[in-house]
Amino acid sequence: MEFDPAGADLSLASLFTGWALADELQRRLAADGFADSRFADGVVFQHLVAGPVTITTLAESLGVTQQAASKTVADLQARRYVTRRTDPADARAKQVALADRGQAVIAAARKHRAAVDAELREALGNDRLEAARQLLVDALTHLNATPALRTRTVRPPH
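Quick word on a nonpolar patch on the surface
Line of reasoning, step 1. Taken together, the side chains of Phe 3, Leu 12, Leu 15, Phe 16 and Trp 19 define a hydrophobic patch exposed on the protein surface, amounting to about 470 Å² of accessible area.
Line of reasoning, step 2. Its place among the elements puts Trp 19 in helix H1 (residues 10-31).

Let's talk about the packing of helix H5 (residues 100-124) against helix H6 (residues 126-142)
Line of reasoning, step 1. Where H5 meets H6, the closest approach of the two axes is 6 Å, and the angle between their N-to-C directions is 125 degrees. As the angle between them shows, H5 and H6 are arranged oblique. Facing Asp 117, Leu 120, Arg 121 and Leu 124 of H5, the residues of H6 in contact are Asn 126, Arg 128, Leu 129, Glu 130 and Arg 133.
Line of reasoning, step 2. For the contact of H5 with H6, the per-class residue count stands at three nonpolar, one polar and five charged.

A short note on the side chain of Gln 46
Line of reasoning, step 1. By the element assignment, Gln 46 lies in the loop between helix H2 (41-45) and strand S1 (53-54).
Line of reasoning, step 2. The class of Gln 46 is buried, set by a relative accessible area of 14%.
Line of reasoning, step 3. In this structure, Gln 46 is in contact with Arg 152, Thr 153 and Val 154, ignoring residues within four places of it in sequence.

Some words on the sheet that holds S1
Line of reasoning, step 1. Here we have three strands laid out as an open sheet, ordered S1-S3-S2, and antiparallel in their pairing. Looking at the sheet topology across the chains shown, the edges are occupied by S1 and strand S2 (82-87).
Line of reasoning, step 2. With two bridges joining them, S1 and strand S3 (residues 90-98) adopt antiparallel strand pairing. Across the sheet, Val 53 pairs through a bridge with Val 96, a residue of S3.
Line of reasoning, step 3. Against the sheet, helix H4 (residues 66-78) engages S2 and S3, with an angle of about 125 degrees to S2.

Some remarks on the packing of H1 against H5
Helix-helix packing: each pair is described by the crossing angle between the helix axes and the interaxial distance.
Line of reasoning, step 1. At their nearest, the axes of H1 and H5 sit 10 Å apart, and the two run at 125 degrees to each other. Relative to H5, H1 is oriented oblique. Regarding H1 and H5, the two cross each other, and that crossing is right-handed. Contacts from Leu 21, Glu 24, Leu 25, Arg 28 and Leu 29 of H1 reach H5 at Val 105, Ala 108, Ala 109, His 112, Arg 113, Ala 115, Val 116, Glu 119 and Leu 120.
Line of reasoning, step 2. Here the residues of the contact of H1 with H5 sort into nine nonpolar, one polar and four charged.

Parameters and conventions
Residues numbered from 1 in each chain as written. Predicted model: local features only at pLDDT ≥ 70, side-chain atom pairs only at ≥ 80, totals over all residues. Heavy atoms only, no water. Patch = residues over 30% accessible without salt bridge, like charges linked within 9 Å, V, L, I, M, F, W, Y side chains within 5 Å. Areas by Shrake-Rupley, 256 points an atom, 1.4 Å probe, with all protein chains shown as cover. Salt bridge = Lys/Arg side-chain N within 4 Å of Asp/Glu carboxyl O. Helix = DSSP H or I, 4+ residues; strand = E, 2+ residues; numbered from the N terminus. Axes fitted to C-alpha atoms, helices over the stretch in contact; angles between N-to-C directions. Parallel < 35°, antiparallel > 145°, perpendicular 65-115°, else oblique. Contact = heavy atoms within 4.5 Å. Nonpolar A, V, L, I, M, F, W, Y, C, P; charged D, E, K, R; others polar. Buried < 20%, exposed > 50% of the residue type's maximum accessible area, 1.4 Å probe, protein only. Pairing = 2+ DSSP bridges. Left-handed = near helix turned anticlockwise from the far one by under 90°.

The following block contains the structure:
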C-alpha cells in the first residue's frame, strides 16, 4: 500500500520535509567537495562554532560518554573537519576545534540552506513559505524546544 504524502500529519510531513531538505543539502555539499560530510556532523559542529571545547565538555554537551565523543572527534579529525590540541589550561585535557575545512563546510551549508530557501520561496511563494516557517517555529515554541536551539544543545530524538 502506497503512502500518500498529502495525508501525512504535521509530525510526518515536517519530518519527511526535513529529511528531503537535508538530502538536498548533502547533495550540494558533495558537489562542493564535501562528499564525506554527514548530517550528524552538524550535531557536533554546533558545539564548536563558539570556539574550542574539551572532549569532556563536548561529551557532556552531546550526552555521550567521553569514549564516544573521542571516537567521533577522531573520525572528524581524520576527515580534516576538526583539530585536537592540548588544553592550554590543563595539559592533561584535549581541546577540539573546528579546522579550516570544518569552517568551510559550515559556510557552504549556510550558503546552500539560503539558496534552497530562496528557491522554495520562488517556487511556492514567499507568503506560503513564511507561513510554513512560522508555523514550525511556533510548534517548536509550543513543544518547549527553543531553549535547546538557543543554547546549541540540539540532539537527535531518543
